[in-house]
Structures are given as structure tokens and as C-alpha cells.
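Structure at a glance
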Amino acid sequence: MKTHYTKQISNKDEAISFIVSLNIDNELFHFDDLAQDIYNYKNERLFTDEESKQINERVKELFTHLSDPFLYVLMLTDPEALLIE
């Protein structure tokens, strides 16, 4: 199991690092969803039951340390969406 799945998030930097790690591994998903409900393009679950349990805990921790985790996802996936006209 990947370290960032199991390492408890205890501050803002670790929260951002978790999001970046998911993005690097092509495992980023919408944090309103449960990890066990995420499927890849082959319609296979992306995470095992144990991984899902750990990731769901990390996602809860994200919301403790970041006021808007979705903003960081947007920064990584579509930074132009943040531009103010």
C-alpha cells in the first residue's frame, strides 16, 4: 500500500502533499465521493477495500487542515479556471 494512503495528515502541507500524490499517481477523484466508489476507464475499482478505508480517512483529514481542498485539486487540474477576468 502506498505511504500517502496510510500516513495521517496533521497539517496543511501534508494535506496538499496528499492531493499532489494522488494527482501524480493518476488517482485524483472528487472528495465528495468515497474511494471505494471510484472506477477506472476499464470499469475496475481503482482502490482495494483496505486502500479505500485508508484514503477515506485521509480525505476526512483534508477537510480538517484545508478550508477548501477542492481549490487545490482545481489548481492542479485546471489552473486557468481560477483566473479572474
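I will try to describe carefully the structure that is included in this document. (Residues numbered from 1 in each chain as written. Predicted model: local features only at pLDDT ≥ 70, side-chain atom pairs only at ≥ 80, totals over all residues. Heavy atoms only, no water.)

Quick notes on the nonpolar core
- Membership of the largest hydrophobic core comes to 17 residues, with the highest contact counts inside it found for Phe 29, Phe 31, Ile 55 and Leu 62.
- When residues of this core are traced back to their parent elements, those giving at least two are α2 (12–24), α3 (49–65) and α4 (69–77).
- The biggest single contributor to this core is α2, with 4 residues.
- Among residues more than four places away in sequence, those in contact with Phe 29 are Leu 22, Ala 35, Ile 38, Phe 47, Ile 55 and Val 59. (Core = buried A, V, L, I, M, F, W, Y, C linked by side-chain atoms within 4.5 Å. Buried < 20%, exposed > 50% of the residue type's maximum accessible area, 1.4 Å probe, protein only. Helix = DSSP H or I, 4+ residues; strand = E, 2+ residues; numbered from the N terminus. Contact = heavy atoms within 4.5 Å.)

Examining a nonpolar patch on the surface
- On the surface, Leu 71, Met 75 and Leu 82 cluster together into a nonpolar patch covering about 220 Å² of accessible area.
- Among the secondary structure elements, Leu 71 is positioned in helix α4. (Patch = residues over 30% accessible without salt bridge, like charges linked within 9 Å, V, L, I, M, F, W, Y side chains within 5 Å. Areas by Shrake-Rupley, 256 points an atom, 1.4 Å probe, with all protein chains shown as cover. Salt bridge = Lys/Arg side-chain N within 4 Å of Asp/Glu carboxyl O.)

What about the side chain of His 4?
- When you line up the elements, His 4 lands in helix α1 (residues 3–6).
- A relative accessible area of 17% places His 4 in the buried class.
- Polar contacts involving the side chain of His 4 include one to the side chain of Asp 25, which spans 3.4 Å.
- Beyond its immediate sequence surroundings of up to four residues, His 4 is in contact with Phe 18, Ser 21, Leu 22, Asp 25, Glu 27 and Arg 58. (Polar contact = N/O pair within 3.5 Å; in protein donor to acceptor, adjacent residues only side chain to side chain.)

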